[in-house]
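Structural description and commentary
So the chains spell out like this:
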Amino acid sequence: MSTSPIPRAVNALLVLVLMNVESVAAENWPNWRGPSRDGVSTERNLPVEWDTSTNIAWKLKMPAWSGSTPIIWEDRIYLNVAIDDDNIELWSIDRDTGQAIWKRHLSSGNRRLRKQNMSSPSPVTDGQRIWVMTGTGILKSFGRDGHEHWARNLPEDYGAFGLNWGYASSPLLYENALYVQVLHGMRTDEPSYVLRIDGDSGKTVWKVERPTKAVRESPDSYSTPNVVALDDVTEIIVTGGDAVTGHDSETGRERWRVDGLNPTRQRDYRIVASPIVHDGLIYAPTRVRPLLAIEPGGQGDVLNTHVVWETENGPDVPTPVTDGDYFYVINDRGIVFV
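Residues numbered from 1 in each chain as written. Predicted model: local features only at pLDDT ≥ 70, side-chain atom pairs only at ≥ 80, totals over all residues. Heavy atoms only, no water.

1. Section: the sheet that holds strand β3 (residues 71-73)
Reading across from one edge, β3-β4-β5-β6 is the order of the four strands in this open sheet, with antiparallel pairing throughout. Since the sheet does not close on itself, it has two edges, and those belong to β3 and β6 (100-107), each with one partner. Sheet twist, expressed as the mean angle between neighbouring strand axes with direction ignored, is 20°. With six bridges connecting them, strand β5 (residues 88-94) and β6 associate as antiparallel partners. Bridging across to β6, I93 finds its partner in A100. (Pairing = 2+ DSSP bridges. Helix = DSSP H or I, 4+ residues; strand = E, 2+ residues; numbered from the N terminus. Axes fitted to C-alpha atoms, helices over the stretch in contact; angles between N-to-C directions.)

Here's what the structure looks like:
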């Protein structure tokens, strides 16, 4: 298995698989890990075999490789694209033809940092607006027509990113707010933090520091936040720096913490795989072991009260998937069913 913080680079071609469903009725894929943020699609009658010509609708040549996920809303595909050794763009692609509808500049400063470049974060959309982050820390909002609504430069506002492998977390979009984590420490002494940013204006609603006991590379996290809606509060779930934390979506306050993703305080426990939420449980991977299943809604240190189960068969890089009956993990043993 690769130890890269990106699961797999999109190489020379973007390939769309022809589905046996009508385009207008196909499920939207509006963000990293899909509509339910767990990697599961409700589509049926999809092809199970393909090669360079079989079940391929079209191919679009890409200018460089990238690690971001294409997102889809009805007849549009949106891509975070590395153009060359300096520039990054957002592309809007016609889903049926593979032709570019518009291209917008996001950031200069693209570079290869070890095993990825600065186009790794995936865009998010609500169908009318598209928000996209780059590894350089530029966050922008666009309309469906390609009009730029606002732009932010997070390193300029809050200090340079300091991750060993380069920033790769995607924003979480929830009820017109963007939740952005910057969990770092390998190449900076600046504290880690979590942001809530208003989707309309781009202004910061709140910023909270996210402390950690992790050392050396272990504070670094390339994961994407998730969300749990409870009866009385909505929790933003963040993993990295040896811990899982649940934050009040309205204030950013840390409600609870499970400091159990690196029990022996290893120095190289950067986290790549993102947390998923399914049937009321949070599944939090770390660097292979342990993977924790956590009940949300606690207060304070809940390591000994809210961890439902754990396994040593977690992933290193790929985010796991669950269908409710089985838990599917890809690691150095292959595909593991938990």
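2. With respect to the pattern of salt bridges
Under the definition given, this model contains 14 salt bridges. Among the ionic pairs, R196 bridges to E250, the shortest N-O distance being 3.6 Å. Note that R196 is positioned in strand β13 (residues 193-198) and E250 in the loop between β17 (243-248) and β18 (254-258), a separation of 54 residues in sequence. Using a relative accessible area of 54% as the deciding quantity, one classes E250 as exposed. Beyond isolated ion pairs, a larger network of salt bridges with shared partners links D268, R270, R287 and D316. (Salt bridge = Lys/Arg side-chain N within 4 Å of Asp/Glu carboxyl O. Buried < 20%, exposed > 50% of the residue type's maximum accessible area, 1.4 Å probe, protein only.)

3. Focus: the sheet that holds strand β19 (residues 276-278)
Pairing is antiparallel across the open sheet formed by four strands, whose spatial order is β19-β20-β21-β23. Across the chains shown, the open sheet's two edge strands, defined by having one partner strand only, are β19 and β23 (307-311). Taking the axes of each pair of neighbouring strands and ignoring which way they run, one obtains an average angle of 20° across the sheet. Across three bridges, strand β20 (residues 281-284) lies against strand β21 (residues 291-294) in antiparallel orientation. Pairing of A284 across the sheet is with L292, part of β21.

4. Details of a positive patch on the surface
On the surface, a cluster of positive charge is contributed by R114, R187, R216 and R267. Along the polypeptide, R187 turns up in the loop between β12 (177-182) and β13. (Patch = residues over 30% accessible without salt bridge, like charges linked within 9 Å, V, L, I, M, F, W, Y side chains within 5 Å. Areas by Shrake-Rupley, 256 points an atom, 1.4 Å probe, with all protein chains shown as cover. Lys, Arg positive; Asp, Glu negative; His and termini not counted. Charge placed at Lys NZ, Arg CZ, Asp CG, Glu CD.)

5. Quick notes on the side chain of T245
Within the secondary structure, T245 sits in strand β17. Overall, the relative accessible area of 0% leaves T245 in the buried class. A polar contact of 3.0 Å, which involves the side chain of T245, links it to the side chain of R210. Those residues in contact with T245, other than ones at most four positions away along the chain, are R210, I236, I237, V238, E254, W256 and R257. (Polar contact = N/O pair within 3.5 Å; in protein donor to acceptor, adjacent residues only side chain to side chain. Contact = heavy atoms within 4.5 Å.)

6. Quick notes on the pairing of β18
With four of five residues buried, β18 is to be regarded as a mostly interior element. Sheet analysis places β17 next to β18, joined by four bridges and oriented antiparallel. Considered in β18, the bridge of G246 is made with W256. In textbook terms, the turn of a hairpin is the stretch between consecutive antiparallel strands, and for β17 and β18 this stretch comprises five residues, one of which, G252, has a positive phi near 85°.

7. Things to note about the environment of A26
Inspection of the secondary structure assignment puts A26 in the loop between β1 (13-17) and β2 (56-61). Distance in space between the C-alpha atoms of A26 and E74 is 7.2 Å, their sequence separation being 48 residues.

8. Looking at the packing of aromatic side chains
For any pair of aromatic rings, geometry is given as the distance between the ring centres together with the angle between the planes. Summed over the entire model, instances satisfying the criterion amount to six aromatic pairs. When the centroid spacing of 6.0 Å and the interplanar angle of 50° are considered together, the rings of Y179 and W206 count as tilted. Of this pair, Y179 sits in strand β12 while W206 sits in strand β14 (residues 204-209); the two residues are 27 residues apart in sequence, bridging distant segments of the chain. For the residue pair Y179 and W206, the accessibility class agrees, reading buried in each case. (Phe/Tyr/Trp six-rings, centres within 6.5 Å; stacked < 30°, edge-to-face > 60°.)

9. Re the nonpolar core
Residues L154, F161, L178, V180 and I197 are the most contacted members of the largest nonpolar core, which totals 21 residues. At the level of elements, β8 (129-133), β12 and β13 are the ones that each hand at least two residues to this core. Those residues in contact with L154, other than ones at most four positions away along the chain, are M133, G137, G159, F161, V180, Y193, L195 and I197. If you look at the next biggest cluster of nonpolar residues, it comprises 13 residues, including I237, V277, A284 and L292. (Core = buried A, V, L, I, M, F, W, Y, C linked by side-chain atoms within 4.5 Å.)

10. Concerning the environment of G159
Within the fold, G159 resides in the loop between α1 (154-158) and β11 (172-174). Separated by 29 residues in sequence, G159 and T188 place their C-alpha atoms 9.4 Å apart.

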